[in-house]
Amino acid sequence: MKVLKFGGSSLASSEQFAKVKDIVMSDDSREAVIVSAPGKRNAADNKITDLLYLLHAHIQYGVSHEGVMGMIKDRFVGIRTDLGLKTDIEKIIDETFEKVSKKTTADFIASRGEYFCALLMAEYLGYEFVDATEWVEFDYKGKVKTKKSEEKLRALKKKYGRIVTPGFYGAYKSGDIKVFPRGGSDITGALAAAYLGAEIYENWTDVSGILMVDPKIVPDSKAIARITYDELRELSYMGASVLHEDTVFPVRLKDIPVNIRNTNDPEAAGTIIAEEFDDELSEEHERFITGIAGKKNYSVINVYKSRIGEGKIKLMREVLQLFDTYGIPVEQVPSGTDSFSLVFPTESLGSRQHELMHELEENDSIDRCGISEGVSLISIVGRQMAYRTGISGRVFKTLGDNKINIRTIEQGPDEINIMVGVYNEDFEKAIRLLYESFAKER
Ligand code: ASP
């Protein structure tokens, strides 16, 4: 049995609904479908969820909201009419919005996009509509009650067989609605797949899988055929705009693979995310790296103390403590014999630079210290790199041959990533060169 989640762009119009139906109907094991709210039909369009938050703001400020409400209603009525469905979505929407007042929560209003969408999709597919409030239950701290929610979903699935359920929200025991963070339908899908013990969680979107590098830097980047959860974590941590590993954690726990697929190109195999692979068979086996990601705008603080010797650990501890007090996340701590540096996101320091430098200068164990900005971190990720020789050599040669200075270097203990720091101005060029060097073959 497969669990499928469709994102907003896959549901933006009646044409997209038709593609979804073809996909679901083409495989008998596609039994549970989670939907987002309709997204943008083109670059100038609005996401229904954004409009719903806007609607909530209009209501709060007592501003006339007929315009926004009309836009939301038109979209759903349009889809219903185009597809010739019977669901009286007009009436359902009217009744929903008649009841809203200043007391209505943003969570309730925002959740209606998924709710209306799922009602239409359920009729269109001939699947049973199961409201998310019937199974996603939150405790009052806002955490999903796993056992309860699982029991409920399993019972509903058993009763109805094939179901459509809205993503993005659930309810407290009181019945009040709570939404997940934005993009949270991915979480609902992962929960459903985990609870139902699906053979695979198919996440349908508008790209043919996770790309090896940001397409804004390499427009024709290859897609990744197979990626492990650990690799995904490295890439998403370093800014790759892919499904976050946290999001799919429920399926990871149950060892269920995730398949990222493209609604607009259903023949493409997309990307499989799993705990591990038999790599002899994988496309990634042909190359050392799985993907490259990076982020700009880090700062580096350098700390020097001549003949520091055994005092180094103590000094490092004091400096790290200071960073902790300031709430600054430290990304790397490269060190030399009598010196070490701390690499951190520039924006996390904000306007407190002088304050921090003052505190460091006050420390008698420090001879001198300095700060510089404008560093980018690039993470080269690949399970094939682990315990193989020559990979970092190739990274350094590629950058060195092209006169790109490496400011910092780091490798994680399991050797699935090498991280280098370069100047911001070299960032895109470095990523392009590394991609060209590694993407083709070994
Ligand atoms: N519709 C919600 C959002 O726009 C949730 C989702 O699409 O996953 O964030």
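For the structure itself, consult the block above.
Residues numbered from 1 in each chain as written. Predicted model: local features only at pLDDT ≥ 70, side-chain atom pairs only at ≥ 80, totals over all residues. Heavy atoms only, no water.

S.K.: Please explain the site of the ligand as it appears in this structure.
M.R.: Every residue near the ligand is listed here: Ser36, Thr49, Glu114, Phe168, Arg182, Gly183, Gly184 and Ser185. Note that a nitrogen atom of the ligand is positioned 2.7 Å from one of the side-chain N or O atoms of Thr49. Side-chain polar atom of Glu114 to a nitrogen atom of the ligand: 2.6 Å apart, as the coordinates give it. Calculation on the ligand without its partners gives an accessible area of 260 Å², and the protein chains cover 91% of this total. For the ligand, the cavity whose grid points lie within 2 Å of the majority of its atoms is the second largest pocket. Residues belonging to the shell around the ligand are distributed by class as follows: one nonpolar, five polar and two charged. (Near = heavy atom within 4 Å. Polar contact = N/O pair within 3.5 Å; in protein donor to acceptor, adjacent residues only side chain to side chain. Areas by Shrake-Rupley, 256 points an atom, 1.4 Å probe, with all protein chains shown as cover. 1 Å grid on protein atoms, 1.4 Å probe; cavity = no way out; pocket = protein on both sides within 12 Å on 5 of 7 lines; lining within 4 Å. Sits in = over half its atoms within 2 Å of the grid points. Nonpolar A, V, L, I, M, F, W, Y, C, P; charged D, E, K, R; others polar.)

S.K.: How should the pairing of strand β16 (residues 417–423) be read in this particular structure?
M.R.: Regular strands place side chains that alternate from one sheet face to the opposite one. Here β16 lies mainly inside the structure; six of its seven residues are buried. Sheet topology note: the strand β14 (residues 368–381)/β16 ladder contains seven bridges and is antiparallel. The partner of Leu377 across the bridge, within β16, is Gly421. As paired strands, strand β15 (residues 406–411) and β16 are joined by five bridges and run antiparallel to one another. Each residue of the ladder has a partner; that of Ile406, found in β16, is Val422. The antiparallel pairing of β15 with β16 creates a hairpin that spans five residues between the two strands, and Glu415 there sits at a positive phi of about 60°. (Buried < 20%, exposed > 50% of the residue type's maximum accessible area, 1.4 Å probe, protein only. Helix = DSSP H or I, 4+ residues; strand = E, 2+ residues; numbered from the N terminus. Pairing = 2+ DSSP bridges.)

S.K.: Even after reading the chapter, I still don't get the layout of surface pockets, so can you show me in this structure?
M.R.: Approximately 600 Å³ is the volume found for the largest pocket. Around the largest pocket sit 28 residues that line it, and Leu211, Pro215, Ala240, Ser241 and Val242 are the ones nearest its centre. When residues of the lining of the largest pocket are traced back to their parent elements, those giving at least two are β8 (200–205), β12 (291–304) and α14 (427–438). Taken together, the residues of the lining of the largest pocket sort by class into 17 nonpolar, six polar and five charged. (Points joined across faces, edges and corners; volume = space filled by probe spheres on them.)

S.K.: I keep staring at the nonpolar core and nothing clicks. Help me out?
M.R.: Nonpolar side chains in soluble globular proteins tend to be buried together. Val251 and Ile378 are the most contacted members of the largest nonpolar core, which has 114 residues in total. No other element matches the twelve residues that helix α5 (residues 106–125) contributes to this core. Discounting residues that sit within four places of it in the chain, Ile378 has contacts with Ile292, Ala293, Gly294, Ile418, Met419, Val420, Val422, Phe427, Ala430, Ile431 and Leu434. Grouped together as the second largest cluster of nonpolar side chains are 18 residues, Ile301, Leu322, Leu342 and Phe344 included. (Core = buried A, V, L, I, M, F, W, Y, C linked by side-chain atoms within 4.5 Å. Contact = heavy atoms within 4.5 Å.)

S.K.: Sorry if this is basic, but what is going on with a negative patch on the surface here?
M.R.: A contiguous patch of negative charge on the surface is contributed by Glu355, Glu359, Glu361, Glu362 and Asp364. Exposure remark for Glu355: the relative accessible area of 45% places this residue in the partly exposed category. (Patch = residues over 30% accessible without salt bridge, like charges linked within 9 Å, V, L, I, M, F, W, Y side chains within 5 Å. Salt bridge = Lys/Arg side-chain N within 4 Å of Asp/Glu carboxyl O. Lys, Arg positive; Asp, Glu negative; His and termini not counted. Charge placed at Lys NZ, Arg CZ, Asp CG, Glu CD.)

S.K.: Honestly, unusual backbone geometry in this entry has me stumped. Any pointers?
M.R.: Negative phi characterises most residues that are not glycine, and trans characterises most peptide bonds. If you check the backbone angles, Phe168 has positive phi at about 85° while not being a glycine. Following the sequence through the fold, Phe168 ends up in the loop between β5 (163–166) and β6 (169–172).

S.K.: Can you help me understand the sheet that holds β6 in this one?
M.R.: Strand pairing in a sheet relies on backbone hydrogen bonds, with the paired strands running either antiparallel or parallel. Strands sit in the order β4-β6-β7 across an open sheet of three strands; the sheet is mixed. The open sheet is flanked by β4 (137–138) and β7 (177–179), the only strands paired with a single partner. In this sheet, β6 lies alongside β4 in parallel orientation, the contact comprising two bridges. Of the residues in β6, the one forming a bridge with Phe138 is Tyr172.

S.K.: What is the right way to read the packing of aromatic side chains from this model?
M.R.: Tallied over the entire structure, the rule returns eleven aromatic pairs. A cation sits over an aromatic face here: Arg368 above Tyr304, 3.9 Å from the ring centre. (Phe/Tyr/Trp six-rings, centres within 6.5 Å; stacked < 30°, edge-to-face > 60°. Lys NZ or Arg CZ within 6 Å of the ring centre and 35° of its normal.)

S.K.: Whenever I open this one, the packing of helix α4 (residues 89–98) against α5 confuses me. Can you help?
M.R.: Between two packed helices, what matters for the description is the angle formed by their axes and the separation of those axes. As a packed pair, α4 and α5 sit with axes 11 Å apart at the nearest point and diverge in direction by 165°. As judged from the angle between their axes, α4 and α5 are roughly antiparallel. Like other packed secondary-structure pairs, α4 and α5 cross with a definite hand, here right-handed. Within the contact between the two elements, α4 uses Ile89, Ile92, Ile93, Thr96 and Phe97 and α5 uses Phe108, Arg112, Tyr115, Phe116, Leu119 and Leu120. Residues of the contact of α4 with α5, tallied by class, amount to nine nonpolar, one polar and one charged. (Axes fitted to C-alpha atoms, helices over the stretch in contact; angles between N-to-C directions. Parallel < 35°, antiparallel > 145°, perpendicular 65-115°, else oblique. Left-handed = near helix turned anticlockwise from the far one by under 90°.)

S.K.: For this particular structure, what's the right way to read the environment of Glu66?
M.R.: With respect to the helices, strands and loops of the structure, Glu66 is situated in helix α3 (residues 66–83). Considered as a pair, Glu66 and Leu55 are eleven residues apart in the sequence and their alpha carbons are 8.9 Å apart.

S.K.: Hey, could you run me through the side chain of Arg75 in this one?
M.R.: By secondary structure assignment, the location of Arg75 is in helix α3. At a separation of 2.6 Å, a polar atom in the side chain of Arg75 contacts the main-chain carbonyl oxygen of Asn46. Once you skip the residues sitting within four places of it in the chain, Arg75 turns out to touch Ala12, Pro38, Gly39, Arg41, Asp45, Asn46 and Ile48.

S.K.: Could you clarify how one ought to interpret the pairing of strand β1 (residues 2–6) in this entry?
M.R.: Across the five residues that make up β1, a large majority, five, are buried. Across the two faces of β1 the burial is the same, with Lys2, Leu4 and Phe6 and Val3 and Lys5 all buried. Across five bridges, β1 lies against β8 in parallel orientation. Within the sheet, the bridge partner assigned to Val3 lies in β8 and is Tyr201. Judged from the five bridges that link them, β1 and strand β2 (residues 30–35) form a sheet pairing that is parallel. Within the sheet, the bridge partner assigned to Lys2 lies in β2 and is Arg30.

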